Amino acid sequence: MRECSDPVLIVADALRYFAGHFREPEALSSTARSLGVSDDCLDFSFDQIRGMTPAEALQEHRLNKLFTSLTDQPRQGLSQAIQACGLARTADVVPLFEQTFGIEMPLFLLTCRRAADDRQFRRAHPEPQALVLQP
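Remember, predicted model here, so these are calculated numbers, not experimental data.

Examining the pattern of salt bridges
As enumerated under the stated definition, the model contains four salt bridges in all. A salt bridge links R16 to D13; the shortest N-O distance between them is 2.4 Å. Within this pair, R16 and its partner D13 are both found in helix α1 (residues 7-21), separated by three residues, close to a single helical turn. Looking at R16, the relative accessible area reads 54%, which means it is exposed. The closest approach of N and O atoms between R75 and D117, which form a salt bridge, is 2.9 Å. You can see R75 sitting in the loop between α4 (54-72) and α5 (78-84) and its partner D117 sitting in helix α7 (residues 105-124), a full 42 residues away along the chain. When its relative accessible area of 36% is taken as the criterion, D117 is described as partly exposed.

Here is the structure:
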């Protein structure tokens, strides 16, 4: 078992582990074992360095992945995107997403879809006059 003498390194290693395993349901329970530290050491390290639990850090990572996924592909199914990010049921995730990012999910999706439409239009019409709105 690895010593718990460098919380910064342990948290950095755990965040890298989350990045590679966030989709897996058992990502949290396997983190300490994969890093060769005790659960107590992992908890202590996250508390000291991030002021949160490893579970909160993993949830934050997953929510950020969901944000990015929906931004990049706004027309994908919401439930599918949530599951692909390792998150639980849609009904539980939507309020958490809204609280975390400060925007209601329907408005966020609408904004992402409009932005995607705008990007697609710009690729199809790169000429400067295509940006001018006609009166």
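After that view, the rundown keeps rolling.
Concerning the packing of aromatic side chains
On inspection of all chains with the given rule, the structure shows six aromatic pairs. Between F18 and F46 the ring centres are 6.1 Å apart and the planes differ by 25°, which places this aromatic pair in the stacked class. Placement of the pair is F18 in helix α1 and F46 in helix α3 (residues 39-49), with a sequence separation of 28 residues. No difference in accessibility class separates F18 from F46, as the two residues are buried. Between the aromatic rings of F67 and F101, the centroid separation amounts to 4.8 Å while the plane-to-plane angle is 40°, which identifies the pairing as tilted. Of this pair, F67 sits in helix α4 while F101 sits in helix α6 (residues 90-101), and the two are 34 residues apart along the sequence. These aromatic residues form a ring-pair network of at least three members: F67, F97, F101 and F108.

Observations concerning the state of the cysteines
All told, the structure shown has one disulfide when counted by the stated rule. Two residues, C4 and C41, share a disulfide whose sulfurs are 2.1 Å apart. Negative torsions about the S-S bond denote left-handed disulfides, and the value of about 95° found for C4 with C41 makes this one right-handed. Residue C4 is located in the segment before α1, and its partner C41 is located in helix α3; the two are separated by 37 residues in the primary sequence. Residue C4 is classed as partly exposed on the basis of its relative accessible area, which comes to 30%.

Observations concerning α3
Within α3, the full set of buried residues consists of C41, L42, S45 and F46. Angular distribution of buried residues about the axis of α3 spans 130°; they occupy a single face of the element. The outward face of α3, more than 90 degrees from its buried face, is lined by the exposed residues D39 and D40. Residues of α3 that are buried sit in contact with α1, α2 (27-35) and α4. Positive phi shows up at G51, right after α3, with a value of about 65°.

Here's the deal with α4
Given a rise of 1.5 Å per residue, 19 residues ought to cover 27 Å, and the 27 Å separating the end C-alpha atoms of α4 matches this to within 8%. Those residues of α4 hidden inside the fold are in contact with α1, α2, α3, α5, α6 and α7.

As for a negative patch on the surface
Among the surface-exposed residues, D39, D40, D43 and D47 lie close enough to one another that they form a single negatively charged patch. Along the chain, the position of D47 falls in helix α3. With a relative accessible area of 48%, D47 lands in the partly exposed category.

What counts and what doesn't
Residues numbered from 1 in each chain as written. Predicted model: local features only at pLDDT ≥ 70, side-chain atom pairs only at ≥ 80, totals over all residues. Heavy atoms only, no water. Salt bridge = Lys/Arg side-chain N within 4 Å of Asp/Glu carboxyl O. Helix = DSSP H or I, 4+ residues; strand = E, 2+ residues; numbered from the N terminus. Buried < 20%, exposed > 50% of the residue type's maximum accessible area, 1.4 Å probe, protein only. Phe/Tyr/Trp six-rings, centres within 6.5 Å; stacked < 30°, edge-to-face > 60°. Disulfide = S-S within 2.5 Å. Arc of directions from axis to C-beta. Contact = heavy atoms within 4.5 Å. Expected span 1.5 Å × (residues − 1). Patch = residues over 30% accessible without salt bridge, like charges linked within 9 Å, V, L, I, M, F, W, Y side chains within 5 Å. Areas by Shrake-Rupley, 256 points an atom, 1.4 Å probe, with all protein chains shown as cover. Lys, Arg positive; Asp, Glu negative; His and termini not counted. Charge placed at Lys NZ, Arg CZ, Asp CG, Glu CD.

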